[in-house]
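Inside the fold
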Amino acid sequence: MTFVIIDFEATTPVGHPPQPIEVAALALRYTNDGWAESGRSTSLIQPPAFAPVTWANTAQSGLTPGHFTTAPTPAEALGALDRRFTGQSRYLLVAQHATTEANIIHHQREHCPTLARIDLIDTIPLAKHIFPGLANYKLDTLLAQLSIAHPADRHRATADVAVTAQVFTDLINIADRGRAIGGLTELVTIAGRTAKANQPTQQHLFEP
């Protein structure tokens, strides 16, 4: 199993779903020698005209409209990422508050159909299982709980993926030492999220 930690930065236009402006992914596999990186990817993404980079985006991430003058389109950036999910490997995506990433991917699924069908692991319910009773389970709280250094460029996709990967691997290592999770099936039961593309569609109530 390859675990792919993924993070998006996005604009949030009124009346539209969030629009990605940056994506980063980091692939990890567990080996006899521990966790090993097997690939990484990062890209800015050109936002659509109806969802420009705002002052709020700049205040949070430091990204300005000027960063996107030559950025690839969603089709280019997400298409390139999608093509990396090939071969016989089995994948699970990993994200902090995975519903956010799942929604962005689902709305962009025409550009990344393979990515859109990969199920997810959410670090929040995983952390609740390992550390019940914390005041909250925000990423910054988990970084403090696990003594992980706060990155200087927090809220950039590459930095957030790196620390989310540390959170995930630390939680798995703690669970392994304490036998808090019995294996992959139990991990999915505790923290799994089904990709929207894999969820059954509801039939009309009176469909013949």
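Here the structure is shown first, and the text comes after it.
Conventions adopted
Residues numbered from 1 in each chain as written. Predicted model: local features only at pLDDT ≥ 70, side-chain atom pairs only at ≥ 80, totals over all residues. Heavy atoms only, no water. 1 Å grid on protein atoms, 1.4 Å probe; cavity = no way out; pocket = protein on both sides within 12 Å on 5 of 7 lines; lining within 4 Å. Points joined across faces, edges and corners; volume = space filled by probe spheres on them. Helix = DSSP H or I, 4+ residues; strand = E, 2+ residues; numbered from the N terminus. Nonpolar A, V, L, I, M, F, W, Y, C, P; charged D, E, K, R; others polar.

**A word on the layout of surface pockets**
- When its volume is computed, the largest pocket comes out at roughly 560 Å³.
- As for the largest pocket, its lining consists of 23 residues, of which Asp7, Phe8, Glu9, Gln60 and Thr100 are closest to the centre.
- When residues of the lining of the largest pocket are traced back to their parent elements, those giving at least two are strand S1 (2-11), helix H1 (55-61), helix H3 (98-107) and helix H6 (157-177).
- The element that contributes the greatest number of residues to the lining of the largest pocket is S1, accounting for 5 residues.
- When its volume is computed, the second largest pocket comes out at roughly 320 Å³.
- Around the second largest pocket, the lining is made up of 14 residues, and of these Trp35, Ile172, Asp176, Gly183 and Leu184 lie nearest the centre.
- Every element with two or more residues in the lining of the second largest pocket is listed here: H6 and helix H7 (184-191).
- Counting residues per element, the lining of the second largest pocket draws most heavily on H6, which supplies 5 residues.
- The residue makeup of the lining of the second largest pocket, split by class, is 10 nonpolar, 3 polar and 1 charged.

No statement about biological role is implied by the geometric values presented.
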